[in-house]
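# Structure at a glance
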Amino acid sequence: MIEVKGLSHEFRIGKKGKEKVVPVLHQVNLHVKQGEIAAIVGKSGSGKSTLLNLISGYIKPLAGTVTINDIDVTSFNEGKWADFRLNHLGFIFQSFQLISSMTAFENVELPLILKGMNEKERQKQTQEMLEIVGLSEYGGHYPGELSGGQQQRVSIARALIVNPPIILADEPTGSLDSDNEKELLAFIQKLNKDRGITFLIITHDQEVAQIAHRTIEITDGYVMEGEKIYEVQG
Ligand SMILES: Nc1ncnc2c1ncn2[C@@H]1O[C@H](COP(=O)(O)OP(=O)(O)OP(=O)(O)O)[C@@H](O)[C@H]1O
């Protein structure tokens, strides 16, 4: 499902000619199976977000390959990536990343507009999705008029609306209080069980790591796969 082989990355910082090289990931190998919830854990600065950005094509690796759903995406250009993300990947972020000038409804509808769906069908699917995340009454609210937990539910609805087989999440519970966190984790487990969605979740949070079938630890850019809690079929 997600296959990472020999992935290495470094950043170059400072002025041209006087650049400092910051090695971040070293020959990372990783395999996330279909139907799995995998957690990536590791200290601040260990390379977790960089790994997720490489897997989702926001940055290009120095070396190595990324294969998603049997498609080698490593050398995709930006246009191909945009199309691929829209059809294969959903994203959830700590900071929600909703568009503040658009209502909850419009935020959730946006990926369907990008896919070219007609208005009637879009509106129907968006309303259904808002119902699934328990926000059918809140479609007309702007993100600033919603609580943190509600904003995160809007962002999940936006991720789910295109029916992605994989959801990548970067500290999804980082801005939530403990009740909202519990609710989100239960929802992730339900989506995983009922729809077979594969999750790759970056987290500092023990509670999140506990719902994962497998924990992958990054230490200074090297990956060590943790103990398997149980095997997932697929
Ligand atoms: N755009 C960039 N330019 C230069 N260095 C960067 C850039 N992005 C990240 N880094 C460096 O790469 C290393 C890994 O950063 P990364 O954000 O992947 O870590 P992380 O494990 O996600 O950390 P955190 O848990 O704090 O979010 C850090 O040393 C960071 O300073």
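Everything quoted here is computed from the prediction, not taken from an experiment.

We now examine unusual backbone geometry. Residues other than glycine seldom take positive phi values, yet Gln27 does so here, at roughly 45°. Within the element layout of this structure, Gln27 appears in strand E2 (residues 20-32). Positive phi is not limited to glycine here, since Asn69 has a value of about 50°. Looking at the secondary structure, you find Asn69 in the loop between strand E4 (63-68) and strand E5 (71-72).

Turning our attention to the nonpolar core. Core analysis: the biggest nonpolar cluster contains 55 residues, and Ala157, Phe199 and Ile201 have the highest contact counts within it. Among all residues touching Ala157, those that are not within four sequence positions of it are Val108, Met129, Leu130 and Val133.

Let us look at the packing of helix H5 (residues 148-160) against helix H6 (residues 178-195). Contact geometry for H5 and H6: axes closest at 10 Å, N-to-C directions at 20°. Taken together, the axis directions place H5 and H6 in an arrangement best described as roughly parallel. Regarding H5 and H6, the two cross each other, and that crossing is right-handed. Residues Gly148, Gly149 and Gln152 of H5 form the contact with H6, whose own contacting residues are Asn180, Glu183 and Leu184. Residues that form the contact of H5 with H6 fall into these classes: one nonpolar, four polar and one charged.

This part covers the packing of helix H3 (residues 104-114) against helix H4 (residues 119-132). Each pair of packed helices can be described by the angle between their axes along with the distance between the axes. Orientation of H3 relative to H4, taken along the N-to-C sense of each, is 130°, at an axis distance of 9 Å. When the axes of H3 and H4 are compared, the pair comes out oblique. The two elements H3 and H4 meet at a crossing, and its hand is right-handed. Residues Ala104, Phe105, Val108, Glu109, Leu112 and Ile113 of H3 lie in contact with H4, whose contacting residues are Arg122, Gln125, Thr126, Met129 and Leu130. In terms of residue class, the contact of H3 with H4 is made up of seven nonpolar, two polar and two charged.

What counts, and at which threshold
- Residues numbered from 1 in each chain as written.
- Predicted model: local features only at pLDDT ≥ 70, side-chain atom pairs only at ≥ 80, totals over all residues.
- Helix = DSSP H or I, 4+ residues; strand = E, 2+ residues; numbered from the N terminus.
- Core = buried A, V, L, I, M, F, W, Y, C linked by C-beta atoms within 7 Å.
- Buried ≥ 20, exposed ≤ 12 C-beta atoms within 10 Å, placed from the backbone.
- Contact = placed C-beta atoms within 7 Å.
- Axes fitted to C-alpha atoms, helices over the stretch in contact; angles between N-to-C directions.
- Parallel < 35°, antiparallel > 145°, perpendicular 65-115°, else oblique.
- Left-handed = near helix turned anticlockwise from the far one by under 90°.
- Nonpolar A, V, L, I, M, F, W, Y, C, P; charged D, E, K, R; others polar.

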